[in-house]
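# Structural description and commentary
As a plain string of letters, each chain reads:
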Amino acid sequence: QPENLQKNWLREFYQVVHAHKPHFMALHCQEFGGKNYEASMSHVDKFVKELLSSDAMKDYNRARVYLDENYKSQEHFTALGSFYFLHESLKNIYQFDFKAKKYKKVTGKEIYSDTLESTPMLEKEKFPQDYFPECKWSRKGFIRTRWCITDCAFDLVNIHLFHDASNLIAWETSPSVYSGIRHKALGYVLDRIIDQRFEKVSYFVFGDFNFRLDAKAVVETLCAKATMQTVRAADTNEVVKLIFRESDNDRKVMLQLEKKLFDYFNQDVFRDNNGTALLEFDRELSVFKDRLYELDISFPPSYPYSEDSSQGKQYMNTRCPAWCDRILMSHSAKELILKVKNDEKIVIYDHIGPNVCMGDHKPVFLSFRIAAGAGKPIANVHKCCVVQ
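Read on for a plain summary of the structure. (Residues numbered from 1 in each chain as written. Predicted model: local features only at pLDDT ≥ 70, side-chain atom pairs only at ≥ 80, totals over all residues. Heavy atoms only, no water.)

## Some details on the packing of aromatic side chains
On inspection of all chains with the given rule, the structure shows 29 aromatic pairs. Between phenylalanine 96 and phenylalanine 198, the ring centres sit 5.7 Å apart and the planes meet at 85°, which makes this aromatic pair edge-to-face. Residue phenylalanine 96 is found in strand β4 (residues 93–97), and its partner phenylalanine 198 is found in the loop between α4 (177–193) and β10 (202–208); the two are separated by 102 residues along the sequence. Using a relative accessible area of 6% as the deciding quantity, one classes phenylalanine 96 as buried. Their ring planes at 75° and their centres at 5.2 Å tell us that phenylalanine 98 and phenylalanine 198 sit as a pair that is edge-to-face. Highlighted residues: phenylalanine 98 in the loop between β4 and β5 (102–105) and phenylalanine 198 in the loop between α4 and β10, separated in sequence by 100 residues. Here the aromatic residues Trp9, Phe13, Tyr14, Phe32, Phe47, Tyr60, Phe83 and Phe85 are joined through ring pairs into a cluster of three or more. The positively charged end of lysine 216 is found above the aromatic ring belonging to tryptophan 171, 4.7 Å away from the centroid. (Phe/Tyr/Trp six-rings, centres within 6.5 Å; stacked < 30°, edge-to-face > 60°. Helix = DSSP H or I, 4+ residues; strand = E, 2+ residues; numbered from the N terminus. Buried < 20%, exposed > 50% of the residue type's maximum accessible area, 1.4 Å probe, protein only. Lys NZ or Arg CZ within 6 Å of the ring centre and 35° of its normal.)

Given below as structure tokens:
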């Protein structure tokens, strides 16, 4: 129901914009156009037009939109969309040209779609096919842009990492085989954005990381007092279903697990107190603790929500709910945003549309202030923004 959902989505998004009134705003989207690209790209065009022309965004007089819509190019297509909006009150914003290796002043509104490969204002890469061989047409990859605001330079990286293809495989080992694939891909991106080609700057990496809870540990905890029944396919003897029943209480079914089914009898465990009890099983980021920082999570798992527009809080029973959608940053970026002059709470990390259907993912956002020149030693204050 794209028409219906888009209305919900934009209304909730505009409310957050109105509440926080950002001067610079970055919006990162994944799976642009959904699964059926040819039929869906017209919805994308409507979405973009609405965003750029809506009354709620009228004070943003400059914009850059990068849409990877070239679905016919299988070796390059990532289905990523990166939007950047600049408020009219903001002066002297520069964007980095990766080809010319210099910053250029941002003026007007520009949309790039089919020509991202030849756009020098970004770097885009799709992960090599051998990273996730079982998914033939994987669209996973990243887009990177670099900005300079008030003498503070930083990279913004839109990322989409690999999903869990099967619940049954995910729960076999701890960490899962899929976790290992995501680890490899994220490491590849981080190495890429701090390599020797360009000056190192602070960076924010945000999008759908597809981080999952440690499935084995979660199932063992949720079903600690249950007995497990294994169901196999008659012809191949392959495990197709696991059924966990309470030992007493009339052998009530607690959890059914299939390739694409995670049907737990009590969803409240994922919602109560924002699912905080499950955060101990959110372990994929720990491998990168020396390279990446994240603010404390105080919102419920962002995926997989029901796509029924009347169900704002209901999870689908396809996957174990998890915090897939995240905003992470380098440790230097953390220093940038936490340098607050007073006790005012100006760093907020939260989700959008808590009570409304936003699709199967709830968007997450990070709102913060940066002090002028915060990203540079005093001696270098104007160095990053020299425009030749």
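After that view, the rundown keeps rolling.
## Comments concerning the environment of asparagine 249
With respect to the helices and strands, asparagine 249 occurs in the loop between β12 (239–246) and β13 (253–258). Linking asparagine 249 and tyrosine 84, residues 165 residues apart in sequence, is a C-alpha distance of 55 Å.

## So, the side chain of asparagine 158
Here asparagine 158 is to be found in strand β9 (residues 152–160). The exposure class assigned to asparagine 158 is buried, which follows from its relative accessible area of 0%. Within the structure, the side chain of asparagine 158 is placed 2.8 Å from the side chain of glutamine 30, a separation counted as a polar contact. In contact with asparagine 158, not counting residues within four places along its chain, are His28, Cys29, Gln30, Leu80, Gly81, Ser82, Gly141, Phe142, Ile143 and Phe206. (Polar contact = N/O pair within 3.5 Å; in protein donor to acceptor, adjacent residues only side chain to side chain. Contact = heavy atoms within 4.5 Å.)

## Brief notes about the pairing of β12
In this sheet, β12 lies alongside strand β11 (residues 226–232) in antiparallel orientation, the contact comprising 7 bridges. Across the sheet, residue methionine 228 finds its bridge partner in β12, namely phenylalanine 244. The hairpin formed by β11 and β12 contains 6 residues between the paired strands, and asparagine 237 there has a positive phi angle of roughly 65°. The sheet contact formed by β12 and β13 spans 4 bridges and is antiparallel. In the strand pairing of β13, leucine 242 is matched with leucine 257. Two successive antiparallel strands, β12 and β13, enclose a turn made up of 6 residues, where asparagine 249 displays a positive phi of approximately 50°. (Pairing = 2+ DSSP bridges.)

## Some points on the nonpolar core
Core analysis: the largest hydrophobic core is formed by 58 residues, its most contacted members being Phe24, Trp147, Phe204 and Phe262. In terms of residue count, the dominant contributor to this core is helix α5 (residues 215–222) (4 residues). Leu10, Met25, Cys29 and Phe83 belong to the second-largest nonpolar core, a separate cluster that totals 30 residues. (Core = buried A, V, L, I, M, F, W, Y, C linked by side-chain atoms within 4.5 Å.)

## A short note on the side chain of arginine 62
Checked against the element boundaries, arginine 62 lands in strand β2 (residues 60–67). Comment: no salt bridge for buried arginine 62; closest opposite-charge side chain is glutamate 88, at 7.9 Å. Of the polar contacts made by the side chain of arginine 62, one reaches the backbone oxygen of histidine 87; its length is 2.6 Å. With near-sequence residues (within four places) excluded, arginine 62 lies in contact with Tyr84, Phe85, Leu86, His87, Glu88, Leu90, Ile93, Val106, Thr107, Gly108 and Lys109. (Lys, Arg positive; Asp, Glu negative; His and termini not counted. Salt bridge = Lys/Arg side-chain N within 4 Å of Asp/Glu carboxyl O.)

## Quick word on the packing of helix α1 (residues 2–20) against helix α2 (residues 37–53)
The description of two packed helices rests on the angle between their axes and on the distance between the axes. Remark: α1 packs on α2, axes separated minimally by 12 Å, with the N-to-C direction vectors making an angle of 25°. Taken together, the axis directions place α1 and α2 in an arrangement best described as roughly parallel. Crossing handedness for the pair α1 and α2: right-handed. Between α1, through Pro2, Glu3, Gln6, Trp9, Leu10, Phe13 and Tyr14, and α2, the contact on the second element is made entirely by His43, Lys46, Phe47, Glu50 and Leu51. Of the residues contributing to the contact of α1 with α2, the split by class is 7 nonpolar, 2 polar and 3 charged. (Axes fitted to C-alpha atoms, helices over the stretch in contact; angles between N-to-C directions. Parallel < 35°, antiparallel > 145°, perpendicular 65-115°, else oblique. Left-handed = near helix turned anticlockwise from the far one by under 90°. Nonpolar A, V, L, I, M, F, W, Y, C, P; charged D, E, K, R; others polar.)

## Some remarks on the pairing of strand β1 (residues 24–29)
Burial of β1 is extensive: 5 of the 6 residues sit out of reach of the surface. As defined by bridge partners, β1 adjoins strand β3 (residues 81–87) across 6 bridges and the pair is classed as antiparallel. Following the sheet pairing, leucine 27 is matched in β3 by phenylalanine 83.

## Points about the sheet that holds β12
Ordered by their spatial adjacency, 4 strands build an open sheet running β11-β12-β13-β14, and the pairing between neighbours is antiparallel. The sheet is open, and its two borders are formed by β11 and β14 (261–264), each paired with just one other strand. With strand direction ignored, the average angle separating the axes of adjacent strands in the sheet is 15°. Running over the sheet, α5 touches β12, β13 and β14 and is turned about 25° from β14.

## Brief notes about the environment of glycine 141
Tracing the chain through its elements places glycine 141 in strand β8 (residues 141–149). Put simply, glycine 141 and leucine 161 are 20 residues apart on the chain and 6.8 Å apart in space, counted from C-alpha to C-alpha.

## Focus on α2
Between the first and last C-alpha of α2 there are 24 Å, a value that for 17 residues agrees with the 24 Å anticipated at 1.5 Å per step. Packing partners of the buried residues in α2 comprise α1, β1, β2, β3 and β6 (109–112). (Expected span 1.5 Å × (residues − 1).)

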